[in-house]
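Structure at a glance
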Amino acid sequence: MNPNRQFTYETLSRGLELQMMAPKDLLEHVTPEVLAHHLPIALKAKLLQASLNAERMTPELVIEVVGIDALVEHVPLNILWACVRGCAARQLQGQADAGLGASLGITSVAAAGGNGASATSFTDDLQFKPPKAARPVSLRSPPTSPPRISTLSPRSQVVRRGTSPTDAPASPTASGVFEVTRGEDPPDFEIVEETEVPTRARPAGRAVDDDTRPGTKP
Amino acid sequence: MPDSARQKWFAHMLGVGLDQKILSPSQLVVHVTPEVLAHHLPPDVMTKVITSALAAGQRGEQTTPDRLFESLNPDVMVDHVPLEVLWRSIDAGAEKAGIADKSEGVKP
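Residues numbered from 1 in each chain as written. Chains lettered and ligands numbered in written order. Predicted model: local features only at pLDDT ≥ 70, side-chain atom pairs only at ≥ 80, totals over all residues. Heavy atoms only, no water.

**Concerning the nonpolar core**
If you look at the biggest cluster of nonpolar residues, it comprises 63 residues, and the most contacted ones within it are Trp81(A), Trp9(B) and Phe10(B). In terms of residue count, the dominant contributor to this core is helix α7 (residues 77-103) of chain A (nine residues). Among residues more than four places away in sequence, those in contact with Trp9(B) are Thr11(A), Arg14(A), Gly15(A), Leu18(A), Met20(A), Met21(A), Val84(A), Cys87(A), Ala88(A) and Gln91(A). (Core = buried A, V, L, I, M, F, W, Y, C linked by side-chain atoms within 4.5 Å. Buried < 20%, exposed > 50% of the residue type's maximum accessible area, 1.4 Å probe, protein only. Helix = DSSP H or I, 4+ residues; strand = E, 2+ residues; numbered from the N terminus. Contact = heavy atoms within 4.5 Å.)

Shown next as structure tokens:
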């Protein structure tokens with residue numbers, strides 16, 4: 001066996017042995033077409049017979065029956081090396097992910113069974129993030145010239161029902177969820193479904209009032 | 001000694017590659033540069049490298065990549081040198097030997 005084939009053979013067989021690659025990884029590149037083109041007739045016959053005997057052809061069976069030595073002997077090495085490249089990339093990526101996890105303290109969580117005492121360093125970091133309830137909620141003053149176009153959707157329409165901003169005060173709950181108080185008084189607005197808003201033709205030559213920014217408009 | 005399957009696999013590729021002349025120390029040093037070694041080798045390993053180089057110098061021998069990697073076997077390299085760097089060497093060797101297609105290589 002020439003050095004190139006020997007090197008590829010060693011790389012593949014050790015990779016399989018160490019479970020760095022699986023038979024299905026090999027079969028991603030060593031496709032049935034490759035096998036059909038490059039394996040000698042005797043090996044193809046052996047593979048078919050073994051599959052018949054096993055009643056199922058699997059990547060494991062292919063590798064077992066054909067063997068790494070025969071693959072290295074008959075399949076172009078660039079195809080086999082493509083398998084190695086793919087598996088090496090996955091391993092290096094896995095290593096990078098593991099390193100990232102370690103830097104975030106995730107490994108200590110895993111070592112503690114997911115929720116163990118070692119997880120405190122990780123959860124402590126999360127405590128620096130303010131809870132949603134502590135975040136300021138900005139309330140807009142009531143619209144002055146209803147109806148207007150909502151800033152949430154250019155086709156939504158706001159219809160005023162009350163005149164005083166204190167009719168239906170809105171406030172965040174303890175859980176931080178913003179809710180409109182539902183008492184006897186109806187809320188001072190309702191959002192009409194977009195599908196219910198008819199398309200209005202805008203008069204030509206008139207400026208479109210889509211600019212919802214505060215301040216004087218040009 | 002390599003303690004993970006990943007490291008063992010890379011060490012094996014390096015070892016066989018060097019044995020089969022798919023890789024050479026002069027190719028390795030293209031990726032595993034002195035700077036990389038200086039960054040990643042621990043003091044005890046670096047001591048061996050420097051001692052070996054000094055001893056060779058006293059014998060009037062040149063410091064060559066071969067000499068450099070004499071004291072750095074594959075097991076030691078996978079223990080300390082980033083595997084991405086070693087993979088680039090291995091893949092480049094495979095390309096040069098005609099095993100692999102030309103490629104941008106693996107960029108983890």
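**Notes on the interface of chain B and chain A**
Every contact between the two is made by 26 residues of chain B and, on the other side, 25 residues of chain A. Together chain B and chain A conceal approximately 2,400 Å² of surface at their shared face, both sides included; 69% is due to carbon and sulfur atoms. It is Arg6(B), Trp9(B) and Ile99(B) in chain B that bury the most area against chain A; as a group they hold 32% of the surface buried on that side. If you look at where chain B meets chain A, you find two salt bridges. In this structure, the salt-bridge partner of Asp91(B) is Arg85(A), at a minimum N-O distance of 2.9 Å. At the junction of chain B and chain A, the tally comes to ten residue pairs in polar contact (both at pLDDT 80 or more). Of all the elements in the fold, those that place two or more residues in the side of chain B that touches chain A are α1 (5-19) and α7 (83-96) of chain B. Considering each element in turn, the side of chain B that touches chain A owes the most residues, nine residues, to α1(B). Partitioned by chemical class, the residues of the side of chain B that touches chain A number 15 nonpolar, five polar and six charged. (Buried area = accessible area lost by both parts, 1.4 Å probe. Salt bridge = Lys/Arg side-chain N within 4 Å of Asp/Glu carboxyl O. Polar contact = N/O pair within 3.5 Å; in protein donor to acceptor, adjacent residues only side chain to side chain. Nonpolar A, V, L, I, M, F, W, Y, C, P; charged D, E, K, R; others polar.)

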